[in-house]
Structure formats: C-alpha cells, structure tokens
Amino acid sequence: MPLALLSALLIFTPLARGSVQGWAVTAIQIITLLALTAFLIEKCLTGTWEWIKTPLDLPLLILLILVILSAVFSQHRPSSLWAAVMLITYIVIYYLVIHTVRTRARFKYLVFLIIGVATFLAVFGLFKKFGINPFPWWDYGDLKYRPDYLASTYGNYNHLAGYMEMALPLTLGLFLLDYRRGKLLTLCYVTLLLIAALILSLSRGGWVGALTGLTFMAAVLLTNRYFTGKKLIAALAGGFVVAVIVVFASTPVVERINTLDQKSEIPNFKARVSVWGGAIEMIEEHPFLGTGPGTFTTVYTQYQPPGVTPRYFKAHNDYLHFVSEVGLPLVAVILWMIIALYRKGFRKMQNPSRLVRGITIGALSGITAILVHSIGDFNLHIPANALLFTVLAALVAAPFPIDNER
C-alpha cells in the first residue's frame, strides 16, 4: 500500500501542472500522510521496526531544526509554517522510499514508473506543440510563453526540462543492465523522445543541466572498472556532439540563445543577475536565520533592485532563495548533504551488480543535472520536480537491494 501511494504521487504531481497550485500541494500532503499511515500500520502488523540508516540522516535532522528555528523568528509565520510542513513532507517521502523500496523488483518498478511518466510527458508535449491536445484541462491560456516552448502538462517549459534532465540519465542507466533486442530498441526510442522534448522545450538551463549530467555520467563510466563498453561511450559522446551542433544550428534554438541579453517578458540572464543581487542583500541583512522559510515572495519586495519591473516570487537561483529564507548556516548543510550523497553514490557504483550501478549512476547524474540547472532557475520549488529529486536521492542513499537474483 505505501508503494502504491508513492506511485500515485509520482504520477499525479507532474500531471497536475507540476503541482504548483495550492490544491495540488494539499493533495500531495494528504497522499503522503496516507502512505505514512499505511506504512506504520504495516509495521505494527508485522512487528518489524528496523531503522535503515542513510548518509543523509544527520544533515536532514539539522536541516529540519534549522528550518524550525528560522520559522520561529520568521517575518511571516504563516508562510513559514506551510514551508516547514512541505519540507517535512519531502523528508517523509524520502524515508518511505528508503524503507519500502528494498527489493530488486521494487527498484526496477520505481525506475520504470519514472521513465514511463517522463515518456508520457514527452509524447504529450510533442503532440501539444504541434496543435494536438485532446485534453482541455492541459490547455493553459493564461501563460505568457510562446507556444513553441514545449511545456507539456507543466505551466513552465523550464520545469518540464528539469523533469526531463532528471529522467534522461535514469533511462540511460538502464543500458547497463544488458538489455538486448526489443528492450534495447525500446530504450533507444524512449531516450530519443526525452531528448527531443528537452531540446524543444528551448530551456537554456535545461540544456546546460542535462549536458552537465550526461558529461558526469560519461566520466564516471569511463573510470568505472566494471564498465567494459568504454569504446561505446566514446562513440556515443562523439555522436552526441554532432547532434548538438546540428540542433544548435537550427533557427529556433539560435533565436533562443540570442535572448540571453535581449529584453523580454521572460527573465533573461541580466534580469536574473539583478534579482540575485537583491537576494544577496536579503542574506546580508538576515545572515543567521534568514527571513523565514517561504517568505521570499513577501519580503523580497523590499530588496527588488530599481529598474526590475516585474514582481519576482522566486530568486531564479534555488541556492540564493533557500539561503535568503533560512540563513547562511544552510550553506554548510547543503554542502554536507551533497558530499554525503555523492560519496554514497560513488561507493555503490563499485558494486558488481549491474542493477545497482545502473540505477545509481542514472539517479546521481539526474541529481547533478538539476543541481546545475537550479543555479539559474527554481526547479526545486516545483513540487513535482522536488519530489522526483527526493526519490532520486533516496535511490542513491538506499542500501543494496536484498534480493539475490541477478
């Protein structure tokens, strides 16, 4: 039952416009509470209460304490309360994955579910881009973005790109499981679909994040003693470079790159830098506990630089955003979590099991991609993407599957 409810979350959140609206966030919290209740009942009935340790246990505890302290002294406590509840929701989801996804079959199931959802998003996004949308509830007439920015069920093309760049390496990681014939062709087809959706989203941050994640993946595979297809990786890398050159020579992509410095309704790089300056001022004035979790939208109006006319609800840099709300001690906690997660991931990639290596390298590469993308965007503030990020982190931090089958 807990796994079924977690599956429902993974399916529901990206379909509900990324779950950015209040009703969707409430649905996430209710489903998570039901999953936790079912998990506790299951443990009571079986009498098994073993706690599974992970490398993120202590930093997550310190993060929670820091957020609660910041909320106590918040400049807007109602907003901080809801932000703290959402953090607790993600932490619960993390531990539910750790404690319920224990067998090889469940690991595979969760990975295939994520890839299946990503495939639907890619296919539907492509249909929608070319004017085919049989579902009116995914026709967002209130959005300011041009229709050639592929966004699928999301309200923002950057956030679809964020989902694609996390799912794409996970798909490529399955190639390490030695799939052949029909399965291999299916994986190739799915990979091309995800790449097409990512490229046609015209998200510059998505392109950079995905390229970084895939480069990280290739570097790890080339240095891994268990991976014997190093010539294949070199060939794929060469083919990818050629494909990138061809794609970036296309008119829409060139136009999109040119908007780096052009003024438009969509925040360009210079506008983002201005916003970051205001966020840094917030940090300078509230260095220890920030302004309170979830208060950026309210407080930032006092720090918005002159000449930046749109009202900004996010800092367009997840790190500056979080630190401005919670304080500078958060920097140490974030670094601690990243180092602990990558250390665990590198150790697991030395395991002889193809399943363990494939899922770990795929999940860690997806995490790498979104961490880079978050420098210039706010994907980790989008519940659907934050939830997928949480699940990927749990896949990396989880112990080895308990089944013995190969």
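Just so you know, these numbers come straight off a predicted model, no measurement behind them.

Engineer: So what's going on with the nonpolar core? Residues and values would help.
Structural biologist: By size, the foremost hydrophobic cluster in this structure holds 109 residues, and its most contacted members are Y163, M164, I367, V391 and L395. What V391 contacts, discounting residues up to four positions off in sequence, is L10, I93, V97, L110 and I114. The next biggest cluster of nonpolar side chains, apart from the first, holds 5 residues, and it includes Y149, Y157, L202 and W207.

Engineer: Which residues make up the packing of aromatic side chains, and what are the values?
Structural biologist: Inspection of every chain in the model, using the stated rule, returns 11 aromatic pairs. Centre to centre, the rings of F12 and W23 are 5.9 Å apart; their planes meet at 70°, and the pair counts as edge-to-face. Separated by 11 residues along the polypeptide, F12 in helix α1 (residues 2–15) and W23 in helix α2 (residues 22–46) bring together distant segments of the chain. Its relative accessible area of 22% is what places F12 among the partly exposed residues. Judged by relative accessible area, W23 falls into the exposed class, the value being 51%.

Engineer: I'd like a description of helix α3 (residues 57–72), backed by residues and values.
Structural biologist: Three- or four-residue spacings in an α-helix give side chains the same orientation, since the helix completes a turn every 3.6 residues. For α3, which comprises 16 residues, the first-to-last C-alpha distance of 23 Å matches the rise-based estimate of 22 Å (1.5 Å per residue) to within 8%. Those residues of α3 not exposed but buried are D57, P59, L60, L63, L66, V67, S70 and A71.

Engineer: Please provide a residue-by-residue account of a nonpolar patch on the surface, values included.
Structural biologist: Judged by side-chain polarity, L58, L61, I62, I65, I68, L69, V72, F73 and W336 come together as a nonpolar surface patch covering roughly 810 Å² of accessible area. Here the nonpolar patch gets 7 residues from one element, more than from any other, and that element is α3. You can call V72 partly exposed: its relative accessible area is 40%.

Engineer: Give me the lowdown on empty space enclosed by the protein, citing residues and values where you can.
Structural biologist: According to the stated counting rule, one finds 2 cavities of 30 Å³ or more in the structure shown. Put simply, the largest cavity is a space of about 40 Å³. If you go around the largest cavity, the residues you meet are F107, K348, L355, V356, I359, T360 and P401. The greatest single-element share of the lining of the largest cavity, amounting to 4 residues, is contributed by helix α15 (residues 354–373). Considering only residue class, the lining of the largest cavity consists of 5 nonpolar, 1 polar and 1 charged.

Engineer: Give a detailed account of the environment of D139, specifying residues and quantitative values.
Structural biologist: Note that D139 resides in the loop between α5 (104–129) and α6 (157–173). Residues D139 and S152, 13 residues apart in the sequence, show an inter-C-alpha distance of 9.3 Å.

Engineer: Run through the packing of α2 against helix α4 (residues 77–100), naming residues and quoting values.
Structural biologist: Orientation of α2 relative to α4, taken along the N-to-C sense of each, is 40°, at an axis distance of 10 Å. Taken together, the axis directions place α2 and α4 in an arrangement best described as oblique. The interaxial crossing formed by α2 with α4 has left-handed handedness. Only W82, V85, M86, T89, V92, I93, L96, H99 and T100 of α4 make contact with α2, whose side of the interface consists of V25, I28, Q29, T32, A35, L36 and F39. Across the contact of α2 with α4, the residue classes break down as 11 nonpolar, 5 polar and no charged.

Engineer: So what about the confidence of the model for the chain? Which residues, and what values?
Structural biologist: Of the residues in the chain, 84% have a pLDDT of 70 or more, and the chain-wide mean is 85. When mean pLDDT is taken per element in the chain, helix α16 (residues 383–397) scores highest with 96 and helix α10 (residues 251–258) scores lowest with 50. Predicted confidence is poor over residues 260–265, with pLDDT under 50, and the contacts of this stretch with residues over four places away or in other chains come to 9 contacts.

Engineer: Quick rundown of the side chain of S374? Include the residues and the values.
Structural biologist: On the secondary structure map, S374 appears in the loop between α15 and α16. For S374, the contacting residues outside a window of four places in its chain are N317, D318, Y319 and L380.

Engineer: Requested: an account of the packing of helix α14 (residues 329–348) against α15, with residues and values cited.
Structural biologist: It is at 9 Å that the axes of α14 and α15 come closest, and there the two elements cross at 150°. Regarding the angle of α14 to α15, the classification is roughly antiparallel. The way α14 lies across α15 gives a crossing that is left-handed. For the pair α14 and α15, contact is made by I338, L341, Y342, G345 and K348 and by V356, R357, T360, L364, I367, T368 and L371, respectively.

Cut-offs used in this document
Residues numbered from 1 in each chain as written. Predicted model: local features only at pLDDT ≥ 70, side-chain atom pairs only at ≥ 80, totals over all residues. Heavy atoms only, no water. Core = buried A, V, L, I, M, F, W, Y, C linked by side-chain atoms within 4.5 Å. Buried < 20%, exposed > 50% of the residue type's maximum accessible area, 1.4 Å probe, protein only. Contact = heavy atoms within 4.5 Å. Phe/Tyr/Trp six-rings, centres within 6.5 Å; stacked < 30°, edge-to-face > 60°. Helix = DSSP H or I, 4+ residues; strand = E, 2+ residues; numbered from the N terminus. Expected span 1.5 Å × (residues − 1). Patch = residues over 30% accessible without salt bridge, like charges linked within 9 Å, V, L, I, M, F, W, Y side chains within 5 Å. Areas by Shrake-Rupley, 256 points an atom, 1.4 Å probe, with all protein chains shown as cover. Salt bridge = Lys/Arg side-chain N within 4 Å of Asp/Glu carboxyl O. 1 Å grid on protein atoms, 1.4 Å probe; cavity = no way out; pocket = protein on both sides within 12 Å on 5 of 7 lines; lining within 4 Å. Points joined across faces, edges and corners; volume = space filled by probe spheres on them. Nonpolar A, V, L, I, M, F, W, Y, C, P; charged D, E, K, R; others polar. Axes fitted to C-alpha atoms, helices over the stretch in contact; angles between N-to-C directions. Parallel < 35°, antiparallel > 145°, perpendicular 65-115°, else oblique. Left-handed = near helix turned anticlockwise from the far one by under 90°. pLDDT = per-residue confidence, 0-100.

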